[in-house]
Amino acid sequence: RIHGAHLGESQHKAEMEADASGGVYLEDGESADLMAGASTVLSEVLSSDLDLDTVVVPIGGGNLIAGSLLSRALDDSGVEIIGVQSTAASAAVESWKLAELVERSCDTFAGGLATTRPGNLALEVMVAYLERALLVDEADLYDGIATMLRSCGIQVEGAAASVIAALTRFGDHIPGDDVALVVTGSWASHSEITQALG
């Protein structure tokens, strides 16, 4: 079921329904088990034959970036992990900078980035291991969607476009010659695709 304008509202609704039904509520960025699952994304990348310098990862509630950071720590490969979030939903990056949880407004169209705060567990991992995070704006996300469609014929959603936007906007400042992007999904609406290509 889809509920709420952003992930924070969806999480609140899910927590209430779990309480009412005796179910178990798992929150992205708060569950060690979910984080372990997310860590397998980077683990597979690092176990490939690629000789990577940097991997760029989207940040929403923080679960994927935290899992990636833990995977890199276990691998001890020296690959740099850079996180990306939208200026229209920047709570995780701002919390990381302050090393404490803060809530911020969330006005992004990118569902996977649409959080008002990071998970506590995810933030702990980010503070311990993340060295660099970037912010892109909403126009950058639309440009990232358009870039993938025009150059590769691949449809990506706003959250996935964040890493493309970061490479486009900050490429000269992303270290190394071999950079991997974690492109997280393709659930873009017709109106989002139309706006991106307009």
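Residues numbered from 1 in each chain as written. Predicted model: local features only at pLDDT ≥ 70, side-chain atom pairs only at ≥ 80, totals over all residues. Heavy atoms only, no water.

Colleague: Could you clarify how one ought to interpret the overall build of the protein in this entry?
Modeller: When its secondary structure is counted, the protein shows 8 helices and 4 strands. Counting helices and strands in the order they occur from the N terminus, the protein gives α-α-β-α-β-α-α-β-α-α-β-α. Taken over C-alpha atoms, the radius of gyration comes to 16 Å for the protein, in line with the 16 Å a tight globule of 198 residues would show. C-alpha atoms of the protein, sized along the principal axes, occupy 50 × 45 × 30 Å. (Helix = DSSP H or I, 4+ residues; strand = E, 2+ residues; numbered from the N terminus. Rg over C-alpha atoms; globule rule 2.2 N^0.38 Å.)

Colleague: Could you clarify how one ought to interpret the side chain of Ser-31 in this entry?
Modeller: As for its placement among the helices and strands, Ser-31 is situated in the loop between helix 1 (7-21) and helix 2 (32-46). Within polar-contact distance, the side chain of Ser-31 engages the backbone nitrogen of Leu-34 at 3.2 Å. Setting aside its immediate chain neighbours within four residues, Ser-31 contacts Leu-26, Asn-63 and Leu-121. (Polar contact = N/O pair within 3.5 Å; in protein donor to acceptor, adjacent residues only side chain to side chain. Contact = heavy atoms within 4.5 Å.)

Colleague: Sorry, what's going on with the packing of aromatic side chains here?
Modeller: Aromatic ring pairs are described here by two measures, namely the spacing of the ring centres and the angle between the planes. The full count for this structure, using the stated rule, is 1 aromatic pair. Relative to Tyr-142, the ring of Phe-109 lies with its centre 4.1 Å away and its plane at 10 degrees, an arrangement referred to as stacked. Residue Phe-109 is found in the loop between helix 4 (91-98) and helix 5 (120-129), and its partner Tyr-142 is found in helix 6 (residues 138-152); the two are separated by 33 residues along the sequence. A relative accessible area of 19% means that Phe-109 is categorised as buried. (Phe/Tyr/Trp six-rings, centres within 6.5 Å; stacked < 30°, edge-to-face > 60°. Buried < 20%, exposed > 50% of the residue type's maximum accessible area, 1.4 Å probe, protein only.)

Colleague: Looking at this structure, I do not really get helix 7 (residues 158-170). What am I missing?
Modeller: Because each turn of an α-helix spans 3.6 residues, side chains separated by three or four positions in sequence point in the same direction. Taking 1.5 Å of rise per residue, the 13 residues of helix 7 would be expected to cover 18 Å, and the 17 Å separating its terminal C-alpha atoms lies within 8% of that figure. Of all the bends in helix 7, the greatest measures close to 25 degrees and is centred on Ile-164. What helix 7 keeps buried is the set Gly-158, Ala-159, Ala-160, Ala-161, Ser-162, Val-163, Ile-164, Ala-165, Ala-166 and Phe-170. (Expected span 1.5 Å × (residues − 1). Bend = angle between axes of the 7 residues up to and from the residue.)

Colleague: Whenever I open this one, the sheet that holds strand 1 (residues 54-58) confuses me. Can you help?
Modeller: Strands pair in a sheet through their backbones, by hydrogen bonds, and they do so in one of two ways: parallel or antiparallel. Across the sheet, which stays open at both edges, the 4 strands sit in the order 3-2-1-4 with parallel pairing between neighbours. What marks the edges here is a single partner per strand, and that holds for strand 3 (132-136) and strand 4 (179-181). Recorded for the sheet is a direction-independent mean angle of 25 degrees between the axes of neighbouring strands. In terms of strand pairing, strand 1 meets strand 2 (residues 80-86) through 5 bridges, oriented parallel. If you follow Val-57 over to strand 2, its bridge partner there is Gly-83. Contacts from helix 3 (residues 63-75) reach strand 1 and strand 2 within the one sheet, and its direction differs from that of strand 2 by about 175 degrees. Its contacts with the sheet place helix 4 against strand 2 and strand 3, and it is angled at close to 145 degrees to strand 3. (Pairing = 2+ DSSP bridges. Axes fitted to C-alpha atoms, helices over the stretch in contact; angles between N-to-C directions.)

Colleague: How should I be thinking about the environment of Gly-29 in this particular structure?
Modeller: Locating Gly-29 in the fold gives a position in the loop between helix 1 and helix 2. Residue classification places Gly-29 among the buried positions, given a relative accessible area of 0%. Separated by 35 residues in sequence, Gly-29 and Leu-64 place their C-alpha atoms 8.1 Å apart. Leave out the neighbours within four places in its chain, and Gly-29 touches Met-35, Gly-61, Asn-63, Gly-119, Asn-120, Leu-121 and Ala-122.

Colleague: Sorry, what's going on with a negative patch on the surface here?
Modeller: Residues Asp-51, Asp-53, Asp-177 and Asp-178 make up a contiguous surface patch of negative charge. Along the chain, Asp-178 turns up in the loop between helix 7 and strand 4. (Patch = residues over 30% accessible without salt bridge, like charges linked within 9 Å, V, L, I, M, F, W, Y side chains within 5 Å. Areas by Shrake-Rupley, 256 points an atom, 1.4 Å probe, with all protein chains shown as cover. Salt bridge = Lys/Arg side-chain N within 4 Å of Asp/Glu carboxyl O. Lys, Arg positive; Asp, Glu negative; His and termini not counted. Charge placed at Lys NZ, Arg CZ, Asp CG, Glu CD.)

Colleague: Just checking my understanding: could you explain the side chain of Thr-115 for this structure?
Modeller: For Thr-115, the position within the fold is in the loop between helix 4 and helix 5. A polar contact of 3.1 Å, which involves the side chain of Thr-115, links it to the backbone oxygen of Gly-60.

Colleague: For this particular structure, what's the right way to read the nonpolar core?
Modeller: One broad trend across soluble globular proteins is that nonpolar side chains are buried collectively. In this structure, Val-56, Leu-134, Val-136, Leu-141, Ile-145, Val-156 and Ala-166 are the most contacted members of the largest nonpolar core, which totals 26 residues. Those elements that provide at least two residues to this core are strand 2, strand 3, helix 6, helix 7 and helix 8 (190-197). Broken down by element, the residue count for this core peaks at 8 residues, all from helix 7. The residues touching Ala-166, leaving out its near neighbours within four places in the chain, are Val-56, Val-84, Leu-134, Val-136, Gly-171 and Ile-174. Ranked by size, the runner-up nonpolar core spans 25 residues in total, among them Leu-46, Val-57, Ile-65 and Ala-133. (Core = buried A, V, L, I, M, F, W, Y, C linked by side-chain atoms within 4.5 Å.)

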